[in-house]
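# Structural overview for review
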Amino acid sequence: MRDEHKLRSKYRAWENGFATGMAVLSTVLVVTPLVAIFIYLLYKGASSLNLAFFTHNPVPVGEAGGGMANAILGSAILLGVGSLIGIPIGIAGGIFLAEFGRGTKLANAIRFTADVLNGVPSIVMGIAVYSLIVVPQGHFSAFSGGVALGIMMIPTVCRTTEEMLLMVPNAVREAALALGVPNWRSVLAITVRTASPGIITGCMLAFARVAGETAPLIFTAFGNVGWSEKLSEPIAALPLQIYVYAISPYDEWHRLAWAGALVLIVLIVLAVSLVRYVTSRGVLKGAS
Amino acid sequence: MVLCALSIFAIVVLIASELVIRSQMAWGKFGLDFFYKSYIDTYSNQPLYWDPVNGHFSALPFLYGTLVSSFLALLLAVPLAIGVAVFLTEMCPQMLRGPLAFITELLAAIPSVIYGLWAVFVLVPLLREYVNPWLIKALGWTGFFADDNPTGLGFISAGVILAIMILPIISSLTREVMTAVPGSQREAVLALGATRWEMIRMGVLRNARIGIVGAVILGLGRALGETMAVTMVIGNSPEIHKSLLANGSTMSSVIANEFAEASGDLHLSALMELGLALFIVTIIVNALAQVLVWAVTRGTPSSAH
């Protein structure tokens, strides 16, 4: 009886150690390659990046040099159009969810739909915008690419705005209302203002995420080897250019792809760090 | 504000209606056959699935490719992701927690095309030189690892890169769900004399299991729709092979590859129908995952007290 008991607790101790070991092992197994990937990307990108990357347009195969100046500008334009669509609508939607519609069935349904929409593959957004804008217009255009990115930003911005607003203590709202301020003014001037650093960084995060989106641009913005002058023309974009160069067989193009990847990564690291910084202090502490 | 919030419904309706309208032609011509039928090539007597030249379209190889690569990814990612989440919530020293969470967040935000770039130049050569020969030698007799594709591109490569991409998502959601389990549960199990692992198993994992399933399903949703990285490493051929080392194609990769230069209206319509199928599947998968995760993190009374 005693022996059996001893054996049992020995087994339990061993099991405990084994499980701990497995958890540590899997963390090491996951983190090491991920960190390795990250460092590799930084190293490859840094050794490929030069000034010409930012100032020159792509050159034909066989010529050395060249850069992605047009793609960088193109991405900026696409993201500008996308932000103009996605950010105001997203923020307004988020304010509704957190302030005016809190707890209502409608708000819950919208929140749920936004989360589901977040998981819809970007390529599906791409073909939907293609048939919505490119087909009626008859040609690929920067505008349609911007719309695709904007639509993708709406649910993300909406949800982060809501989360940030929910972090604002109720006492702040009550104080405003106690002074006789109407609800709409209390929301816009007090609550939104208190949460604004969080809302802004949330927008930055959404911005950084869609900055790397490639799939929805393939058949909307389409890409362009030179400058584009109008929103109605096809336009180059950084992730699109990385994709084209990565699957090409030329070393010089591969180098440019790595450099482009570094630029995107820096943008994302900045956005993610900013969000973390903002949400680690003040009233927004602990928000996502 | 309400209008802006309602725009989210509008977007879903808009996407659905556009896809339905544009895929009418393929639906009218093939009906449900689109999803399971194949044709026999009269010259070579081989099954033929996707033949834009003669106007034969069947989604079968893409459904197969999407399922195989996604399940391969889940197989690799789920145990590791849960291990990481257990370590981070229950065992990790406070000092490491912040940086590790930060890394996970960062990796979840890196764009698909960059993972694809890395996979093309690092992962695929690595698999081709070291892993695949070993798989062929050790497991070639099963038929799943045939030695007939020297490129290194294929289902295995796609599965591995997908696993790397969905790992941060699954593990951070699992962590969230596990943190939502109240501390009193842990204390209660520990007070009964349980070891730490027994506490995790009985007190935490059991309470969080619905949410963990939700996290896995969410990861599945991501894997099903992931486009760029997969397109770059799967080899892109519309065929069905038993071997996991063979080239394949997924629903999203064929859209990415052929959409911009589709050869005719029927071809375009068939691609649209694939997109519609992908849309419906991911909507269902994501909705299911949301419900499961919410069930835990929203604190259902039965597990909260």
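Residues numbered from 1 in each chain as written. Chains lettered and ligands numbered in written order. Predicted model: local features only at pLDDT ≥ 70, side-chain atom pairs only at ≥ 80, totals over all residues.

On to the overall build of chain A, then. What chain A contains, in helices and strands, is ten helices and zero strands. The order of helices and strands in chain A, counted from the N terminus, is α-α-α-α-α-α-α-α-α-α. Taking 288 residues into account, the globule formula puts the C-alpha radius of gyration at 19 Å, and chain A, at 24 Å, lies well above it. Taken across its 288 residues, chain A has 51% of its residues classed as buried. Restricting to contacts in chain A with at least 6 residues of sequence separation, those with at least 24 account for 73%. (Helix = DSSP H or I, 4+ residues; strand = E, 2+ residues; numbered from the N terminus. Rg over C-alpha atoms; globule rule 2.2 N^0.38 Å. Buried ≥ 20, exposed ≤ 12 C-beta atoms within 10 Å, placed from the backbone. Contact = placed C-beta atoms within 7 Å.)

A few words on the domain arrangement of chain A. Residues and elements named next belong to chain A. Taken domain by domain, chain A consists of domain 1 (2–48) and domain 2 (53–284). Distance from the C-alpha centre of domain 1 to the C-alpha centre of domain 2: 36 Å. Across the contact, six residues belong to domain 1 and six residues belong to domain 2. Tallied by class, the residues present in the side of domain 1 that touches domain 2 amount to three nonpolar, two polar and one charged. (Domains from an automatic or database assignment. Nonpolar A, V, L, I, M, F, W, Y, C, P; charged D, E, K, R; others polar.)

Quick look at the interface of chain B and chain A now. How big an interface is tends to be stated in terms of accessible area lost as the parts join. Taken together, the contacts link 64 residues of chain B with 70 residues of chain A. Considered class by class, the residues forming the side of chain B that touches chain A number 45 nonpolar, 13 polar and six charged.

Our next topic: the packing of helix H9 (residues 238–246) of chain A against helix H5 (residues 112–139) of chain B. Look at H9(A) against H5(B): their axes get within 10 Å of each other, and the N-to-C directions meet at 15°. Compared by their axis directions, H9(A) and H5(B) come out roughly parallel. As for how H9(A) packs across H5(B), the hand of that crossing is left-handed. Between H9(A) and H5(B), the residues in contact are Pro239(A), Ile242(A), Tyr243(A) and Ala246(A) and Val113(B), Gly116(B), Leu117(B) and Val120(B), respectively. Within the contact of H9(A) with H5(B), the residues separate by chemical class into seven nonpolar, one polar and no charged. (Axes fitted to C-alpha atoms, helices over the stretch in contact; angles between N-to-C directions. Parallel < 35°, antiparallel > 145°, perpendicular 65-115°, else oblique. Left-handed = near helix turned anticlockwise from the far one by under 90°.)

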